[in-house]
Amino acid sequence: MTRKTLSLKKSKPGVKACGMPDLSPPRNRGPASKPNAKPKSPPSQPVRTKPPPSMVKALALLTTLEENHPELFPSDDTPPRPWAIGIHKTIQTEYKVSKRVAKKALGMWQEQNREAYQAALRAGSARYGLDGEPDGNVEEKG
């Protein structure tokens, strides 16, 4: 009985030296391995170097809101007041901005002051409009 010895010499592509099929993923040898390989094209859209116009407008609006309504949008450690439901509509009409810009400005402020605003939202406490007057109450989630 003759015994087969394993050879360590190179075998055919796709077959291991022991004669078993090679199931490992093919190696990526780059574009040189494929004669018809196309070079990578640049991204279809250019990389944005400046913020979108709505973001710029929202930042400007937020600065204005903080200056004109410091009780609703405090920039110091003063606790904020809960906003009236639909305050974005009031902001739209008073400051002549789009719904998108108004909501983006409110979202940016809340992102920075989330914990303080959430603490102000106690059930039964008053909500305030831009005029500083109470406009409804905070209701319990149900």
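Please read these numbers as outputs of a predicted model, since none were measured by experiment.

Participant: Give me the lowdown on helix α1 (residues 53–68), citing residues and values where you can.
Facilitator: The end-to-end C-alpha separation of α1 is 22 Å, in line with the 22 Å expected for 16 residues at 1.5 Å each. Within α1, the full set of buried residues consists of Ser54, Ala58, Leu61, Leu62 and Leu65. The buried residues of α1 all sit within an arc of 105° when viewed along its axis, so they share a single face. Of the exposed residues in α1, those oriented more than 90 degrees away from the buried face are Pro53 and Glu67. Here the buried face of α1 lies against α2 (87–95) and α3 (99–112).

Participant: Hey, could you go over a negative patch on the surface for me, with residue numbers and the actual values?
Facilitator: Among the surface-exposed residues, Glu94, Asp131, Glu133 and Asp135 lie close enough to one another that they form a single negatively charged patch. Its location among the elements puts aspartate 131 in the loop between β1 (126–128) and β2 (134–137).

Participant: Requested: an account of the packing of aromatic side chains, with residues and values cited.
Facilitator: Counted by the stated rule, this structure contains 5 aromatic pairs. Summarising the aromatic geometry, the rings of phenylalanine 73 and tryptophan 109 are spaced 5.8 Å apart at their centres and angled 90° between planes, so their arrangement reads as edge-to-face. With a gap of 36 residues between them, phenylalanine 73 in the loop between α1 and α2 and tryptophan 109 in helix α3 connect regions that are remote in the sequence. A single burial state applies to phenylalanine 73 and to tryptophan 109, both of which are buried.

Participant: Account for the nonpolar core, naming residues and giving values.
Facilitator: With 19 residues, the main nonpolar core has Phe73, Trp83, Ile91 and Leu130 as its most contacted residues. Of all the secondary-structure elements, those providing two or more residues to this core are α1, α2 and α3. Looking at this core, the element that brings in the most residues is α3, giving 6 residues. Sequence-distant contacts of isoleucine 91, that is, excluding residues within four places in its chain, are made with Leu61, Leu65, Lys96, Val97, Ala102, Leu106 and Leu130.

Participant: Report on the packing of α1 against α3, specifying residues and quantitative values.
Facilitator: One way to put it is that α1 packs onto α3 with a least axis distance of 8 Å and a crossing angle of 65°. The crossing of α1 and α3 is right-handed. In contact with Ser54, Met55, Lys57, Ala58, Leu59, Leu61, Leu62 and Glu66 of α1, α3 contributes Arg100, Val101, Ala102, Lys104, Ala105, Met108 and Trp109.

Participant: Account for unusual backbone geometry, with residues named and values stated.
Facilitator: Of note in the backbone geometry, lysine 96 takes a positive phi value of approximately 55° without being a glycine. Among the secondary structure elements, lysine 96 is positioned in the loop between α2 and α3.

Participant: I'd like a description of the environment of alanine 58, backed by residues and values.
Facilitator: Within the fold, alanine 58 resides in helix α1. When the C-alpha positions of alanine 58 and glycine 107 are compared, they lie 9.6 Å apart, and in sequence the two are 49 residues distant. Not counting chain neighbours up to four residues away, the residues in contact with alanine 58 comprise Val101, Lys104, Ala105 and Met108.

Participant: For the side chain of arginine 127, give the residues involved together with the corresponding values.
Facilitator: With respect to the helices and strands, arginine 127 occurs in strand β1. Buried charge arginine 127 goes without a salt bridge, the closest partner of opposite sign being glutamate 139 at 7.4 Å.

Participant: How would you sum up the side chain of histidine 69? Please name residues and give values.
Facilitator: By the element assignment, histidine 69 lies in the loop between α1 and α2. Note on histidine 69: relative accessible area 7%, which makes it buried. Excluding its chain neighbours within four sequence positions, the residues that come into contact with histidine 69 are Glu94, Tyr95 and Leu130.

What counts and how
Residues numbered from 1 in each chain as written. Predicted model: local features only at pLDDT ≥ 70, side-chain atom pairs only at ≥ 80, totals over all residues. Heavy atoms only, no water. Helix = DSSP H or I, 4+ residues; strand = E, 2+ residues; numbered from the N terminus. Expected span 1.5 Å × (residues − 1). Buried < 20%, exposed > 50% of the residue type's maximum accessible area, 1.4 Å probe, protein only. Arc of directions from axis to C-beta. Contact = heavy atoms within 4.5 Å. Patch = residues over 30% accessible without salt bridge, like charges linked within 9 Å, V, L, I, M, F, W, Y side chains within 5 Å. Areas by Shrake-Rupley, 256 points an atom, 1.4 Å probe, with all protein chains shown as cover. Salt bridge = Lys/Arg side-chain N within 4 Å of Asp/Glu carboxyl O. Lys, Arg positive; Asp, Glu negative; His and termini not counted. Charge placed at Lys NZ, Arg CZ, Asp CG, Glu CD. Phe/Tyr/Trp six-rings, centres within 6.5 Å; stacked < 30°, edge-to-face > 60°. Core = buried A, V, L, I, M, F, W, Y, C linked by side-chain atoms within 4.5 Å. Axes fitted to C-alpha atoms, helices over the stretch in contact; angles between N-to-C directions. Left-handed = near helix turned anticlockwise from the far one by under 90°.

Structural measurements only, silent on function.
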